Amino acid sequence: MPKLKKLLKIFSYLTLFGIVVAVLGIGGAYWLVSKELPDVASARQIELQVPLKIVSAEGLLIASFGETRRNPMPIVRMPSGLRQAFIAVEDGNFYQHYGVDPKGIARALWEIVTTGEKGVGGSTITQQLARGLYLSNEKTFKRKLIEIFTAIRLERALSKDEILELYLNKIFLGQRAYGVAAAAEVYYGKTLAQLSVAECAMLAALPKAPSELNPIHNPKAAVERRNYVLQRMFDEHYLTQAQLAAALKDPDLATLHSPPVELEAPYIAEMARLEVEKILGPEKAQTGGYRVITTVEATLQNAASAASTNALETYDQRHGWRGAEGTVAEALLGSPAELDRALEPYWTVNGLTAGVATAVRAQELTLHLSDGQDAVVAFATAKWARRYKSESYVGAVPKSFIELVKLGDIVRVTRTQDGGWQLSQLPLVQGAFTAMDPENGAIRALIGGFSFGINKFNRATQSLRQPGSSFKPFVYSAALEKGFTTASIINDAPIVFEDASIDKVWKPQNSDDKFGGPTRMREAMVTSRNLVSVRLLDAIGVRYARRYIQRFGFSAESLPENLSMALGTSAAPPISMSRGYAVFANSGFLVTPHLIAKIEDNTGKVIFDANAPRACQLCPERLEVELNRQDAERAAAALAEQSGDEAKSDGGVLAPSETQPIKVASGIVLAPRAIDERNAYIITTMMRDVIKRGTGMKAMELGRTDLAGKTGTTNDHRDAWFSGFSAHMVATAWVGFDDFSSLGEGEYGGKAALPMWMDFMRVALEGKPEEILEQPTGVTTARINGNNGLLTSAGDSAGIMEVFRTEDLSKLGSSLGSASVQTESDPYELF
């Protein structure tokens, strides 16, 4: 008995000594690393790197940018099976320990000793989180101590669910996917709620070796690891025997999935990304989880895309068949695998699918397509394919496929409306399209080229092309401001100018090389007479016109300092033309094109709101500003008249204060006035006539009376344009080649570009009521003689009604003595 007591005493001392040693050891270890322990107090506020998301006005995903793919998800939205899978394989005692699990460490050491392999990890989920948040992956004793003490601190700072949520959202799971929600999307194209038990287990299998041991790179090993996770779930009583058996039999169908883009608008996406990086900075923009709400509307963007594609393909087919894109040796035609390899470089573009000709008959063509299927093409779909000879000439209509394709040729086909196939080809021509709200400049749709995948150059915003006659409305607006009227007579006759700078003469011509003689200004706009435009610009002065036209948003550098400006030799991208035309559409206000409406952070808080300047013509604040402006203009005009300062009285220059948006007390930002509303109204009536009976008459097929616009074609048919608007939308269509080569004889704006504009407007204006600008105060109608532009009586057989600024009537002479002025009629019914 004394001996037993002695042994118990010794054991007690040894135990106490061990405890003391352990405490001292832990204390010493803590002292050793305490200064290097991170502060975990802010763990709840840790910002995970989340990609930038660009969405449409309706919230449809356009693009996601960022090195990492992550979609943070609250723990309550994570299925229990997913949480159980990770706990079972990574930390079975997660809800029992305090950051460190001695049993887990002992079990891991035992498995290493007995099997030589690491099965269950020795680090708890909390330790893994501590390492991922604050530490490196170096394998040293000191780093392990820091990890342990950091894990204990995390357990004191956060709840178990908060730790698990942070862990499951941060962990790297391969293929640039961080967090379980991103991994579910990457591997299975599913949300977390859609995952099966087996798929949950596969995600839980990934942390061991996410880059190598994943179902994309190593499917066999990944399934083995998944099955181990399922067994652990059964061992932890998360699965029944029947559930385990079913899950083990579940085949894994993992494939790489891209983010679920809901609206194809790649040029928009890139524009938005660059703009957000300017606002937030490049690194912050792509990692902060920001959501960018653009002004783009999905229906309109899809309409613009379809309109652009159709216009360019139609132009391309109009100019003939250029032949196969490539060839495959006939010896390989019997091997589908070889054909698939040959077609790999020819990816599908805008629905144009590449295929190898495996059988060529007179009236039927058989192709092996890049997606592995075979397509049969009827010759009836290929009669357009006359041989291309030049931009202006094509060969005879083909009689059979034998004239067009030979065995092994790689050609393109596209789906027909009835689900069949038709012969096609990739267009070489390019196009651009912009559509914006004239009220505030919000970009509703934008196309920068035929294919962003082929060429990322954004022609809608970056190209500098000559707008041709579509620039004339700005020159005519300047002429009105300088005292001309719609009834002014200008001689459409040959004219020659000497250019001393190059010792040459310039002889501008009309597009049809004909001359109309004395022509009223309205008719000159409707029929797009070049010589009249040149004479007008010469009369008002280039210097004055350049200053005035800058009111429409054009830079001084883009406007030539010579008379060629009358023919649209300035340099402008399509977006600038839409902005300029918006001034006419909104009664004279300069709005700024903008793409981003709002930016939200990852909590949904708005951190940027465009609050773009608006025309807001009927706003009470606008009415007050307009009254103040008119008073200031009258005072300035009187002062200029007294001083004889022509530069200040000619209307060509705006004071700096007049060109800036005006923020009013209500928070609304008012766009600055660019031109007088009467000027905008009169020019709009002229452009409505362009559509009703002029070069844009094809647009009458839309069946609306509230459309206005102007065609444009440059020398040698290098550029084809149409810009136009209604009260609801202003849009510009452009077609041309990147190398500035000719589109071909006869390819005017009304033929090459107008159909694109029409196809878009048909969708954009569907269901929208016709809205015609109200005749503003200070505008009246009067009867004039259509031949000489002078006021005339009601009995004059050549009499027509015309619109004028009230003060301009006094400048008109009378052709028959007694002039009849009519102010009650709606001039839109008279043109």
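1. Some thoughts on the state of the cysteines
This structure, assessed with the given rule, holds 1 disulfide. Paired by a disulfide, Cys616 and Cys619 hold their sulfur atoms 1.5 Å apart. Sign of the S-S torsion, about -40° for the bond between Cys616 and Cys619, identifies this disulfide as left-handed. For Cys616, a relative accessible area of 4% puts it in the buried group.

2. Observations concerning the side chain of Glu747
On the secondary structure map, Glu747 appears in the loop between strand S26 (730-736) and helix H23 (749-752). A distance of 2.7 Å separates a polar atom in the side chain of Glu747 from a polar atom in the side chain of His319. Other than its neighbours up to four places away in sequence, Glu747 contacts Tyr315, Arg318, His319, Thr713, His717, Ala720 and Ala752.

3. What to know about the pattern of salt bridges
Per the counting criterion, the structure on display carries 33 salt bridges. Asp719 is the salt-bridge partner of Arg465, the closest N and O atoms lying 2.6 Å from each other. Of this pair, Arg465 sits in the loop between strand S15 (443-447) and helix H15 (472-481) while Asp719 sits in strand S25 (residues 719-725); the two residues are 254 residues apart in sequence, bridging distant segments of the chain. For the pair formed by Arg465 and Asp719, the shared burial category is buried. Here the salt bridges do not stand alone but share partners, grouping Arg520, Arg522, Glu523, Asp689, Arg693 and Glu802 into one network.

4. Here's the deal with the sheet that holds strand S24 (residues 708-713)
An order of S15-S14-S26-S25-S24 is seen for the 5 strands of this open sheet, with the pairing classed as antiparallel. Both outer strands of the open sheet, S15 and S24, are each paired with one neighbouring strand and no more. When the angles between neighbouring strand axes are averaged without regard to direction, this sheet yields 5°. One ladder, built from 4 bridges, connects strand S14 (residues 430-436) with S15; its direction is antiparallel. Considered in S15, the bridge of Phe433 is made with Ile447. Taken strand by strand, helix H22 (residues 677-693) contacts S24 and S25, and its axis lies near 65° from that of S24. Docked against the sheet, helix H24 (residues 754-764) engages S14, S15, S25 and S26, running at close to 145° with respect to S26.

5. A closer look at the sheet that holds strand S5 (residues 291-294)
Strands sit in the order S2-S1-S5-S20-S21 across an open sheet of 5 strands; the sheet is mixed. Across the chains shown, the open sheet's two edge strands, defined by having one partner strand only, are strand S2 (61-65) and strand S21 (606-609). Ignoring strand direction, the axes of neighbouring strands in this sheet form an average angle of 15°. As paired elements, S5 and strand S20 (residues 596-600) share 4 bridges and run antiparallel to each other. In the sheet register, Arg291 faces S20, and the bridge partner there is Glu600. Running over the sheet, helix H11 (residues 266-280) touches strand S1 (52-55), S2, S5, S20 and S21 and is turned about 60° from S20.

6. Quick notes on the pairing of strand S27 (residues 779-785)
Most of S27 is tucked away, with 7 of its 7 residues classed as buried. Residues Val779, Thr781, Arg783 and Asn785 point to one face of S27 and Thr780, Ala782 and Ile784 to the other, with burial holding for every one of them. Sheet topology note: the S27/strand S28 (residues 799-805) ladder contains 7 bridges and is antiparallel. Across the sheet, the residue bridging to Arg783 is Met801, located in S28.

7. Points about helix H19 (residues 574-585)
When the terminal C-alpha atoms of H19 are compared, their 16 Å separation across 12 residues agrees well with the 16 Å that a helix rising 1.5 Å per residue should span. Those residues of H19 lying buried are Pro574, Ile575, Met577, Ser578, Arg579, Gly580, Tyr581, Ala582, Val583, Phe584 and Ala585. Looking one or two places after H19, you find Ser587, whose phi comes out positive at around 70°.

8. Topic: the packing of H15 against H19
Packing of H15 against H19 brings their axes to within 10 Å, and their N-to-C directions diverge by 40°. By the angle class used here, H15 and H19 are oblique. Relative to H19, the crossing made by H15 is left-handed. Across the interface between the two elements, Pro473, Phe474 and Ser477 from H15 touch Met577, Gly580, Tyr581 and Phe584 from H19.

9. Overview of the nonpolar core
Residues Phe474, Tyr476, Leu537, Ile549, Phe554 and Phe584 are the most contacted members of the largest nonpolar core, which totals 88 residues. Residues contacting Tyr476, with those up to four places away along its chain left out, are Met521, Ala524, Met525, Arg529, Val532, Ser533, Leu536, Ile683 and Met686. Judged by nonpolar contacts, the second largest core, of 52 residues, contains Ala88, Leu129, Ile163 and Leu195.

10. Considerations on H22
In a regular helix each residue adds 1.5 Å, so 17 residues correspond to 24 Å; H22 covers 24 Å between its end C-alpha atoms and thus fits that length. Where burial is concerned, most of H22 is hidden: 14 out of the 17 residues are buried. Taking the backbone nitrogen of Arg678 as reference, a side-chain oxygen 2.8 Å away marks Asp676 as the first, capping residue of H22.

11. Observations concerning the side chain of Ser424
Within the secondary structure, Ser424 is located in strand S13 (residues 421-424). Residue Ser424 is classed as buried on the basis of its relative accessible area of 1%.

12. With respect to the packing of aromatic side chains
For any pair of aromatic rings, geometry is given as the distance between the ring centres together with the angle between the planes. In total, this model carries 21 aromatic pairs according to the counting rule given. Here Phe86 and Tyr167 contribute two aromatic rings whose centre-to-centre distance is 6.3 Å and whose plane-to-plane angle is 80°, an arrangement assigned as edge-to-face. Taken together, the residues Phe86 in helix H2 (residues 80-90) and Tyr167 in helix H6 (residues 160-170) connect sequence positions 81 residues apart. Since its relative accessible area comes to 3%, Tyr167 is described here as buried. Measuring from ring centre to ring centre gives 6.0 Å for Trp321 and Trp384, while their planes differ by 75°; the resulting arrangement is edge-to-face. Linking Trp321 in the loop between helix H13 (298-318) and strand S6 (326-327) with Trp384 in the loop between strand S9 (374-378) and strand S10 (388-390), this pair joins segments that are 63 residues apart in sequence. Accessibility expressed as a relative area gives 1% for Trp321, which makes it buried. Trp384 sits in the buried class, given a relative accessible area of 15%. Aromatic ring contacts, followed pair by pair, group Phe471, Phe474, Tyr544, Tyr548, Phe552, Phe554, Tyr581, Phe584 and Phe725 into a single cluster. The ring centre of Phe740 lies 3.8 Å from the NZ or CZ of Arg465, which sits over that ring. Sitting over the ring of Tyr544, Lys482 keeps its end group 4.5 Å from the ring centre.

The rules behind these values
Residues numbered from 1 in each chain as written. Predicted model: local features only at pLDDT ≥ 70, side-chain atom pairs only at ≥ 80, totals over all residues. Heavy atoms only, no water. Disulfide = S-S within 2.5 Å. Buried < 20%, exposed > 50% of the residue type's maximum accessible area, 1.4 Å probe, protein only. Helix = DSSP H or I, 4+ residues; strand = E, 2+ residues; numbered from the N terminus. Polar contact = N/O pair within 3.5 Å; in protein donor to acceptor, adjacent residues only side chain to side chain. Contact = heavy atoms within 4.5 Å. Salt bridge = Lys/Arg side-chain N within 4 Å of Asp/Glu carboxyl O. Pairing = 2+ DSSP bridges. Axes fitted to C-alpha atoms, helices over the stretch in contact; angles between N-to-C directions. Expected span 1.5 Å × (residues − 1). Parallel < 35°, antiparallel > 145°, perpendicular 65-115°, else oblique. Left-handed = near helix turned anticlockwise from the far one by under 90°. Core = buried A, V, L, I, M, F, W, Y, C linked by side-chain atoms within 4.5 Å. Phe/Tyr/Trp six-rings, centres within 6.5 Å; stacked < 30°, edge-to-face > 60°. Lys NZ or Arg CZ within 6 Å of the ring centre and 35° of its normal.

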